[in-house]
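One-letter residues, chain by chain:
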Amino acid sequence: MSYNVAQRTNEIGIRMALGAQRAGVIRMILRDVLTMVLVGLAAGVPGALLASKFVSSFLYGIKPNDPLALAAAVGILLCAVLLAGYAPARRASRIEPMAALRHE
């Protein structure tokens with residue numbers, strides 16, 4: 001995500017020069033992060049449910065389709081993504097517009 005934000009430095013600088021608020025820039029970056037995660041979850045959760053039937057013999061103390069374990073995994077993933085996306089988003093919101101326009 002940090003690389004993605006670095007690639008968009010000019011765009012973010014133009015947005016800041018045109019009056020974008022810091023909170024708006026942070027929301028924009030976090031929205032991109034959450035979109036990527038939701039697409040991954042849309043593909044991964046059904047895949048995990050299908051694969052759980054095949055690996056049920058390896059699971060100890062957990063049912064193959066345990067909703068609590070699945071919800072915990074999704075929740076931990078979302079928290080990790082928000083924490084990982086917040087640092088580049090905060091850094092992007094502090095970009096000086098003139099420095100960003102001179103970048104590259």
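Residues numbered from 1 in each chain as written. Predicted model: local features only at pLDDT ≥ 70, side-chain atom pairs only at ≥ 80, totals over all residues. Heavy atoms only, no water.

(A) View of the packing of helix 3 (residues 22-54) against helix 4 (residues 67-93). In contact at an axis separation of 9 Å, helix 3 and helix 4 are set at 155 degrees when each is read in the N-to-C sense. As the angle between them shows, helix 3 and helix 4 are arranged roughly antiparallel. The interaxial crossing formed by helix 3 with helix 4 has right-handed handedness. Together, Arg22, Val25, Ile26, Ile29, Leu30, Val33, Leu34, Val37, Leu41, Val45 and Leu49 of helix 3 and Leu70, Val74, Leu77, Leu78, Val81, Leu82, Gly85, Tyr86, Ala89, Arg90, Ala92 and Ser93 of helix 4 make up the contact between the two elements. (Axes fitted to C-alpha atoms, helices over the stretch in contact; angles between N-to-C directions. Helix = DSSP H or I, 4+ residues; strand = E, 2+ residues; numbered from the N terminus. Parallel < 35°, antiparallel > 145°, perpendicular 65-115°, else oblique. Left-handed = near helix turned anticlockwise from the far one by under 90°. Contact = heavy atoms within 4.5 Å.)

(B) Inspection of a nonpolar patch on the surface at higher detail. On the surface, a nonpolar cluster with roughly 540 Å² of combined accessible area is contributed by Phe54, Val55, Phe58, Leu59 and Ile62. Tracing the backbone through its elements, the reader meets Phe54 in helix 3. According to the relative accessible area criterion, Phe54 is exposed, its value standing at 71%. (Patch = residues over 30% accessible without salt bridge, like charges linked within 9 Å, V, L, I, M, F, W, Y side chains within 5 Å. Areas by Shrake-Rupley, 256 points an atom, 1.4 Å probe, with all protein chains shown as cover. Salt bridge = Lys/Arg side-chain N within 4 Å of Asp/Glu carboxyl O. Buried < 20%, exposed > 50% of the residue type's maximum accessible area, 1.4 Å probe, protein only.)

(C) Focus on the nonpolar core. Counting 12 residues, the largest nonpolar core consists of Val5, Ile12, Met16, Val25, Ile26, Met28, Ile29, Leu30, Ala89, Ala92, Ile95 and Ala100. The leading source of residues in this core is helix 3, at 5 residues. Setting aside chain neighbours within four positions, we find Ile26 in contact with Tyr86, Ala89, Arg90 and Ser93. (Core = buried A, V, L, I, M, F, W, Y, C linked by side-chain atoms within 4.5 Å.)

(D) The arrangement of the packing of helix 2 (residues 9-17) against helix 3 in detail. Taken N-terminus to C-terminus, the directions of helix 2 and helix 3 make an angle of 150 degrees; their axes are 10 Å apart at the nearest point. Accordingly, the angle class assigned to the pair helix 2 and helix 3 is roughly antiparallel. Helix 3 is crossed by helix 2, and the crossing has right-handed handedness. Side by side, helix 2 and helix 3 meet where Glu11, Ile12, Arg15 and Met16 of the first sit next to Arg22, Val25, Met28 and Ile29 of the second.

(E) Structural detail: the side chain of Ser52. Following the sequence through the fold, Ser52 ends up in helix 3. Polar side-chain contacts of Ser52 include one of 2.8 Å to the backbone oxygen of Leu49. When near neighbours in sequence (up to four residues on either side) are disregarded, Ser52 contacts Pro64 and Asn65. (Polar contact = N/O pair within 3.5 Å; in protein donor to acceptor, adjacent residues only side chain to side chain.)

(F) The arrangement of the pattern of salt bridges in detail. Under the definition given, this model contains 3 salt bridges. Arg8 serves as the salt-bridge partner of Asp32, at 2.5 Å between the closest nitrogen and oxygen. With Asp32 in helix 3 and Arg8 in the loop between helix 1 (2-7) and helix 2, the pair connects residues that are 24 residues apart, well separated along the chain. For Arg15, the salt bridge is made with Glu11, and the minimal N-O distance between the two is 3.0 Å. With a gap of 4 residues between them, Arg15 and Glu11 both fall in helix 2, about one helical turn apart. Each of Arg8, Glu11, Arg15 and Asp32 takes part in salt bridges that share partners, so that together they form one network.

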